[in-house]
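# Residue-level structural notes
Given next are the chains, with one letter for each unit.
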Amino acid sequence: MSERVWAATQIGVGQIELREYPLPEISADDALLKIEIAGICGSDIGGYQEFAGEPRIRGHENVGFLAQIGANAAKRWGVREGDRVVVEQYLPCGNCRWCRTGEYRFCDQTDKLPGQTILRYGNTPVSVAPSLWGGFSQYLYLPPNAIVHKIPAHVPATHAALFVPLANGMQWAYLQGGAAPGKTVVIQGPGQMGLASVVAAREAGAQCVIVSGLSRDAHRFEVARKLGAHHTVDVERESLSARVKQITNGQGADVVVNVSRGGRSTVRDALECASKIATIVLAGPGTQEIPTKGFGRKLITMKWVQGASFNAFELGLQLMASGRYPLSEISTHQFDLRHVNEAIRAFAGEAEPAGVIHASIRPEV
Ligand SMILES: [Zn+2]
Ligand SMILES: [Zn+2]
């Protein structure tokens, strides 16, 4: 193993450059992951464009092989050197009320709060030893509180790179939304999170999955259908609620997952197309007011959600390992470590290549 590690390090707004770091010493309680592939998240676009603070290595959707692992860490995590794992982005404290109740993604230690250094992959600055806190790198440091899940060898790397969107889909459409047999699920927004929610809703047994988007999403609608969506609705051409009512014989949707990232009135659309009793999951509604008038007699549960639980990660990985879904349709582009700027700009739709749905960084390619 070489003694130096190359990592794509963000040093300013829209500025990522390759920097060299020493390979950390591993003790009995920690480990080193050789990155196989690392997904780019929607939040990486904002972080890239509105960067503030100290240099850091981005990348929090990390897949790789355990290159070195201490004896205690191996025992605690139930893994061995050479195992292929995915790593959750959270590095929680283990002691607060959220950690103690299994909701560790809300642990303050993994949050951006004033007066503390955040401990979360892709966010922790390189000034915190041993610097390797992001997956756009050859290696990632795994401290004792890292959370790993094994992933089977037969899963292609490009599918493995989707473990975070799939976990989110399972959390939002199934665990929070309640997608199940007999249910109609509307997913607003056919981006990587929306498409992963389609797969999750189908995996949960939903009766009818409807995906809405804009006219420019024509290709993504095709992908949604390949993944199992029954209907797609271009909201620039037709009313979502009218179409949903038509499809459901006037009943409306039981579950609405809003991952639209905004739009003029997607929350209003969600309330309009919801059945009399329904759950609306606001997973990425962008910035808009929540209207409270004009929806008739309804019992609506609205949920504001954030990330995925341990259980959702496991469910997402099982779904992925099943091979039942053409996940390559979502995992469209891969870039090497020297082209992280280009990858994020392409994902943001600001540069070629066009048509990126989910992009990943593969250090060895
Ligand atoms: Zn993310
Ligand atoms: Zn905690």
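Since this is a predicted model, take the numbers as computed values, not measurements. (Residues numbered from 1 in each chain as written. Chains lettered and ligands numbered in written order. Predicted model: local features only at pLDDT ≥ 70, side-chain atom pairs only at ≥ 80, totals over all residues. Heavy atoms only, no water.)

### Some remarks on the coordination of the zinc ion (ligand 2)
Coordination of the zinc ion (ligand 2) by the protein involves Cys93 (SG), Cys96 (SG), Cys99 (SG) and Cys107 (SG), with metal-donor separations of 2.3 to 2.4 Å. Coordination at the zinc ion (ligand 2) is tetrahedral: its four donor atoms span angles of 105 to 115° at the metal. Linear spacing of the donor residues for the zinc ion (ligand 2) on their chain is C-x2-C-x2-C-x7-C. Of the residues examined, Cys107 reaches a relative accessible area of 2% and is grouped as buried. (Donors = N, O, S within 2.8 Å, 3.2 Å for Na, K, Ca; no water. Tetrahedral: all angles 85-135°; square planar, octahedral: opposite > 155°, others 65-115°. Buried < 20%, exposed > 50% of the residue type's maximum accessible area, 1.4 Å probe, protein only.)

### Topic: the sheet that holds strand S4 (residues 56-57)
An order of S2-S1-S4 is seen for the three strands of this open sheet, with the pairing classed as antiparallel. A strand with exactly one partner marks an edge of an open sheet, and here the two such strands are strand S2 (15-22) and S4. Pairing between strand S1 (residues 4-12) and S2: eight bridges, direction antiparallel. In the sheet register, Trp6 faces S2, and the bridge partner there is Glu20. (Pairing = 2+ DSSP bridges. Helix = DSSP H or I, 4+ residues; strand = E, 2+ residues; numbered from the N terminus.)

### Quick look at the domain arrangement of the chain
Here the chain is partitioned into domain 1 (4-162 + 330-361) and domain 2 (164-304). On the side of domain 2, 13 residues touch domain 1, which itself brings 12 residues to the contact. Taking both partners together, domain 1 and domain 2 bury about 960 Å²; carbon and sulfur atoms supply 63% of that area. Counting the surface domain 1 buries against domain 2, the share from its top three residues, Leu162, Ile330 and Ile357, is 58%. Linking domain 1 with domain 2 are zero salt bridges. Taken together, domain 1 and domain 2 are joined by four residue pairs in polar contact (both at pLDDT 80 or more). (Domains from an automatic or database assignment. Contact = heavy atoms within 4.5 Å. Buried area = accessible area lost by both parts, 1.4 Å probe. Salt bridge = Lys/Arg side-chain N within 4 Å of Asp/Glu carboxyl O. Polar contact = N/O pair within 3.5 Å; in protein donor to acceptor, adjacent residues only side chain to side chain.)

### Some thoughts on the sheet that holds strand S13 (residues 274-282)
The strand order S11-S10-S9-S12-S13-S14 describes an open sheet built from six strands, whose pairing is parallel. Strands with a single pairing partner mark the edges of an open sheet, and in this sheet they are strand S11 (231-234) and strand S14 (299-304). Along the sheet, successive strands turn relative to each other by an average axial angle of 20°, direction set aside. Where strand S10 (residues 208-213) meets S11, four bridges bridge the pair, whose relative direction is parallel. Counterpart to Val211 in the pairing with S11 is Thr232. Against the sheet, helix H9 (residues 266-273) touches strand S9 (184-188), strand S12 (253-258), S13 and S14, its axis set at about 150° to S13. (Axes fitted to C-alpha atoms, helices over the stretch in contact; angles between N-to-C directions.)

### Let's talk about the environment of Val186
Looking at the secondary structure, you find Val186 in strand S9. The sequence separation of Val186 and Ala161 amounts to 25 residues, and the corresponding C-alpha distance is 25 Å. The contacts of Val186, once residues within four sequence positions are left out, are Ile210, Leu240, Val244, Ala253, Val255, Val256, Val257 and Cys273.

### What to know about the coordination of the zinc ion (ligand 1)
Note on the zinc ion (ligand 1): its protein donors are Cys41 (SG) and His60 (NE2). The metal-donor distances range over 2.1 to 2.2 Å. Pair noted here: Cys41 is in the loop between strand S3 (31-39) and helix H1 (42-49) and His60 is in the loop between S4 and strand S5 (61-69), with a separation of 19 residues, a long-range link.

### Looking at the packing of aromatic side chains
Describing an aromatic ring pair means giving the distance of the ring centres and the angle of the ring planes. As enumerated under the stated definition, the model contains four aromatic pairs in all. Between Tyr121 and Trp133 the ring centres are 6.3 Å apart and the planes differ by 35°, which places this aromatic pair in the tilted class. In this pair, Tyr121 is assigned in the loop between helix H3 (97-100) and strand S7 (139-142) and Trp133 in the loop between H3 and S7, connecting sequence segments 12 residues apart. Like Trp133, Tyr121 is buried. Their ring planes at 45° and their centres at 6.0 Å tell us that Phe163 and Phe313 sit as a pair that is tilted. (Phe/Tyr/Trp six-rings, centres within 6.5 Å; stacked < 30°, edge-to-face > 60°.)

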